[in-house]
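Examining the three-dimensional arrangement
Spelled out from the first residue to the last, the chains are:
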Amino acid sequence: MKKIHLLITSALVAMLACSMSAQEKMVPFKTTLPKPKLAGTPVAVKVANLETADDIAKRPPVMIPEGSTNLAQGKPVTASDAFPVIGMLEQVTDGDKDSDEGCFVEFGDGKQWVQIDLEKEAKISAIAVWHFHSQARAYSDVIVQISNDPDFLAGVTTVFNNDHDNSAGLGAGKDKAYIDTNKGRVIPVNAVAGRYVRLYSNGNTANTANHYIEVEVWGK
Ligand SMILES: [Ca+2]
Ligand SMILES: [Ca+2]
């Protein structure tokens, strides 16, 4: 009896040690931030599902595994609108997050997407996006998806969706609309595996166009 007990105990200790070593150390997400700059005429941000100051205060810090890096840096970008109105697709992953003219890409009206090819499957822990931050505005139907299919027809995981009324037709989402700032929006991702990241938007509260300054995809 004592021998069996000992065996069970040692098996439990081994299991515990194994699960502890498999668990990665989590650290708070941190990236370089561009300078805040609000310019131009303020426009009222009117949107049905805008997050409140209370929502912002309650939002927990995004935690990522220690040693994660921005896998999107310099990676190829494609888009629903291959010829942006302003800027070049490469600017979405060039590391420049400044708000100035010439630092953002503008896509046409209505629903548009940009897609980043990480060039191989990765385990993704966070996605940070800066749409535009020199004027307070909220972008509509922000939907962020991960897949190994470049056409996003199969094996799609949606990690953010603030299209509360399903106007984008990808399903209604429970995330809130938010006002872009120089801090960008950091979306927590629960170790989703995938090679491609696609981000949708559908105009914003200041105009009907879509903008990107930078997208970061953090993982291993
Ligand atoms: Ca950029
Ligand atoms: Ca909507």
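What counts and how
Numbers given for residues are sequential positions, taken from 1 along each chain in its written order. Here the convention is simple: chains get letters from A, ligands get numbers from 1, in the order in which they are written. Only residues with pLDDT of 70 or above have their local features reported here, since the model is predicted, and side-chain atom pairs are shown and tallied only from 80 upward, although totals for entire chains, interfaces and linings are computed over all residues. Neither water nor hydrogens contribute to the side-chain values; these are computed over all heavy atoms in the structure. Here a helix means four or more residues in a row that DSSP labels H or I, a strand means two or more in a row labelled E, and each is numbered from the N terminus. Exposed residues in this analysis have more than 50% of their type's maximum accessible area, buried residues have under 20%, and partly exposed residues fall in between, with area computed by a 1.4 Å probe over protein chains only. Residues scored as positive are Lys and Arg, those scored as negative are Asp and Glu, and His as well as the terminal groups of each chain are ignored. Taken as the charge centre is NZ of Lys, CZ of Arg, CG of Asp or CD of Glu, depending on the residue. Think of a nonpolar core as a cluster: buried Ala, Val, Leu, Ile, Met, Phe, Trp, Tyr and Cys residues, connected wherever their side-chain atoms sit within 4.5 Å. We call two residues in contact when some of their heavy atoms are within 4.5 Å. UniProt positions are given in the numbering used here, feature names are shortened, and annotations may be inferred rather than shown by experiment. Donor atoms are limited to N, O and S found within 2.8 Å of the metal ion, a distance that becomes 3.2 Å for Na, K and Ca. With water left out, some sites might look partial. For two strands to pair, DSSP has to find at least two bridges joining them.

The protein chain carries the name F5/8 type C domain-containing protein in an unreviewed UniProt entry, which gives Termitidicoccus mucosus as its organism.

**Observations concerning the overall build of the protein chain**
On a plain count of helices and strands, the protein chain comes out with two helices and 11 strands. The linear arrangement of helices and strands in the protein chain, starting from the amino end, is α-β-α-β-β-β-β-β-β-β-β-β-β. Principal-axis analysis of the C-alpha atoms places the extent of the protein chain at approximately 80 × 40 × 35 Å. Per-residue burial over the protein chain gives 43% buried out of 220 residues. Side-chain charges of the protein chain comprise 22 positive and 26 negative groups, with the mean position of each set lying 11 Å from the other.

**A look at the nonpolar core**
Generally speaking, nonpolar side chains in soluble globular proteins are found buried as a group. Of all hydrophobic cores here, the largest spans 40 residues; its most connected members are Ile127, Val144, Leu199 and Val215. Breaking this core down by element, the ones donating at least two residues are strand 4 (77-79), strand 5 (105-107), strand 6 (111-130), strand 7 (143-147), strand 8 (157-161), strand 9 (185-202) and strand 11 (214-219). Top contributing element to this core by residue count: strand 6, with 10 residues. The contacts of Val215, once residues within four sequence positions are left out, are Ala72, Val92, Thr93, Ile116, Ile127, Ala128, Val129 and Leu199.

**Concerning the UniProt feature "domain: F5/8 type C" (unreviewed entry) in the protein chain**
In this numbering, the UniProt entry assigns the feature "domain: F5/8 type C" (unreviewed entry) to residues 57-220. Strand forms 41% of residues 57-220 and helix 1%; the C-alpha atoms that close the span are 29 Å apart.

**Topic: the coordination of the calcium ion (ligand 2)**
Those donors, Asp141 (OD), Asp163 (OD), Asp165 (OD) and Ser167 (OG), are the protein atoms that reach the calcium ion (ligand 2), and they lie 2.2 to 2.4 Å from it. In the primary sequence, the donor residues of the calcium ion (ligand 2) line up as D-x21-D-x1-D-x1-S. Overall, the relative accessible area of 0% leaves Asp163 in the buried class. A residue is classified by how much of its surface remains accessible, and Ser167, at 47% relative accessible area, is partly exposed.

**Regarding the side chain of Ser99**
Within the fold, Ser99 resides in the loop between strand 4 and strand 5. For Ser99, a relative accessible area of 5% corresponds to the buried category. Look past the residues within four positions of Ser99 in its chain and what remains in contact with it is Lys37, Phe104, His133, Ser134 and Ile213.

**A closer look at the pairing of strand 6**
The element strand 6 is extensively covered by neighbouring structure, given that 14 of its 20 residues are classed as buried. The sheet contact formed by strand 6 and strand 9 spans 14 bridges and is antiparallel. Paired with Val114 across the two strands is Leu199, which belongs to strand 9. Inspection of the sheet shows strand 6 paired to strand 11 by six bridges, in the antiparallel sense. Paired with Ile127 across the two strands is Val217, which belongs to strand 11.

**What about the coordination of the calcium ion (ligand 1)?**
Taken together, the protein ligands of the calcium ion (ligand 1) are Gln91 (O), Asp94 (OD), Asp96 (O), Ile213 (O) and Glu214 (OE), with distances of 2.2 to 2.4 Å. Read in sequence order, the donor residues coordinating the calcium ion (ligand 1) give the pattern Q-x2-D-x1-D-x116-I-E. With Asp96 in the loop between strand 4 and strand 5 and Ile213 in the loop between strand 10 (210-212) and strand 11, the pair connects residues that are 117 residues apart, well separated along the chain. Using a relative accessible area of 32% as the deciding quantity, one classes Asp96 as partly exposed.

**Observations concerning unusual backbone geometry**
It is generally the case that most residues other than glycine have a negative phi and that most peptide bonds are trans. The phi dihedral of Phe152 falls on the positive side, at around 55°, and the residue is not glycine. With respect to the helices and strands, Phe152 occurs in the loop between strand 7 and strand 8. Given the relative accessible area of 9%, Phe152 is considered buried. Here Ala191, not a glycine, exhibits a phi torsion of approximately 50°, which is positive. One can find Ala191 in strand 9.

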